[in-house]
Amino acid sequence: MTDTTINDTRPNDLRKAELLSKQVKHIDIKSFDARPIVDAMSDMSFTSRDLGRATKIYNQMLGDKDCTVVLVIAGSTSAGGCMDLYAELVRNNMVDVIVATGATIVDMDFFEGLGHKHYQALEVPDDDTLRSLYIDRIYDTYIDEEQLQDCDHTIYEICNTLEPKAYSSRAFIREMGKYLVENGKKENSLVKLAYEHDVPIFCPAFVDSSAGFGLVKHQVDRAKEGKPYLMIDAVADFRELTDIKIKAGETGLLMIGGGVPKNFIQDTVVCAEILGHDDVAVHKYAVQITVADVRDGACSSSTLQEAASWGKVSTAIEQMVFAEAGSVMPLLASDAYHRGLWKDRPVRKWATIFDAK
């Protein structure tokens, strides 16, 4: 009798399927009207009143026909259930520009645009166990690592179809949107809708995401073959976003989280001044939703009033909301959607200003 080793992965497959059994459902801001609760919260105190004022400021942005609204996203709210919320803001002309982390745009939105899902963690076993099953964890949310690697590979394939030159993250993400129009599996993709509505998306740390793996593999493989390769030009990101600020004039910021995206958009005012545009105004409106602690001196937690000392934000119309964004953004966005001030806004299509360049 000959001994044979059978590689039976069925128990692991069953365990993985068990852990990835409940999909995260993204909230639909059109399905409920948050105006009454936001109005009531405005007459309360603490974070409730802060949210009421923040929502009022966002509605002011939408009602100001001269104001370009910039949506700034850091953190994992897209994976946690706000993905369709952000998509609706683009679909209904409620934002004009997006600045976000690479994770938000690639690992979460583009990932689901390819047909993959995020899952609720009904239990959190030992993380080494998750690793053995190729399950990645974001707090109480799971991602199938094998599906994420498909996302990495898709970025690699997009790279290989493009002219080998320098691209801003905006230009590359536009190609990702084009790819989803032709091959995507989800209508409510922020990347896809931004492409269709000419809303530019910037990721100032783009390679700090699944895009980075695909881009590195593209460069390494092309270099081995002695062929030219494409690259991401972070300086072009800053220049292009500053171009928009200069042309837009009046701007309002709706910021979820902080980090690099927050600092990046705020710095456009200073950059415009350095380029000789002394007439460029600070950001007129600003709302930030964060749980970061102001005491550590980090950018994520720095108050909007602090940003005024740098000449970036006006202190007249600003509001900090110290709350987990997934719990308050549905209220803010639903309130603004149902008040309908977006219906009379000009359509700006800021992405088109780069078409001839």
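Just above, that's the structure.
About the thresholds
Residues numbered from 1 in each chain as written. Predicted model: local features only at pLDDT ≥ 70, side-chain atom pairs only at ≥ 80, totals over all residues. Heavy atoms only, no water. Helix = DSSP H or I, 4+ residues; strand = E, 2+ residues; numbered from the N terminus. Buried < 20%, exposed > 50% of the residue type's maximum accessible area, 1.4 Å probe, protein only. Pairing = 2+ DSSP bridges. Right-handed = clockwise from strand over helix to strand, strands pointing away. Axes fitted to C-alpha atoms, helices over the stretch in contact; angles between N-to-C directions. Parallel < 35°, antiparallel > 145°, perpendicular 65-115°, else oblique. Contact = heavy atoms within 4.5 Å. Nonpolar A, V, L, I, M, F, W, Y, C, P; charged D, E, K, R; others polar.

1. Considering unusual backbone geometry
Part 1 of the reasoning: Although it is not a glycine, Tyr134 adopts a positive phi angle of roughly 60°.
Part 2 of the reasoning: If you trace the backbone, Tyr134 turns up in the loop between α6 (127-132) and β4 (135-138).
Part 3 of the reasoning: Residues other than glycine seldom take positive phi values, yet Asp198 does so here, at roughly 55°.
Part 4 of the reasoning: Tracing the backbone through its elements, the reader meets Asp198 in the loop between α9 (190-197) and β7 (201-202).
Part 5 of the reasoning: Owing to a relative accessible area of 11%, Asp198 belongs among the buried residues under this scheme.

2. Considering the pairing of strand β9 (residues 251-256)
Part 1 of the reasoning: When you tally the buried positions in β9, you get 6 out of 6 residues, the bulk of the element.
Part 2 of the reasoning: Going residue by residue along β9, you find Thr251, Leu253 and Met255 tucked away on one face and Gly252, Leu254 and Ile256 tucked away on the opposite face as well.
Part 3 of the reasoning: Sheet topology note: the strand β1 (residues 68-73)/β9 ladder contains 6 bridges and is parallel. Bridge pairing in β9 places Thr68 opposite Thr251.
Part 4 of the reasoning: Pairing geometry for β9 and strand β10 (residues 283-290), over 5 bridges, is parallel. Across the sheet, residue Gly252 finds its bridge partner in β10, namely Tyr285.
Part 5 of the reasoning: Remark: the β9/helix α12 (residues 259-274)/β10 crossover connection has right-handed handedness.

3. Description of the packing of helix α7 (residues 145-161) against helix α8 (residues 169-183)
Part 1 of the reasoning: Put simply, α7 and α8 touch, their axes get as near as 11 Å, and they point 105° apart. Here α8 runs roughly perpendicular to α7, going by the angle between their axes. Contacts between α7 and α8 involve Thr154, Ile155, Ile158 and Cys159 on the former and, on the latter, Phe172, Glu175, Met176 and Tyr179.
Part 2 of the reasoning: Classifying every residue of the contact of α7 with α8 gives 6 nonpolar, 1 polar and 1 charged.

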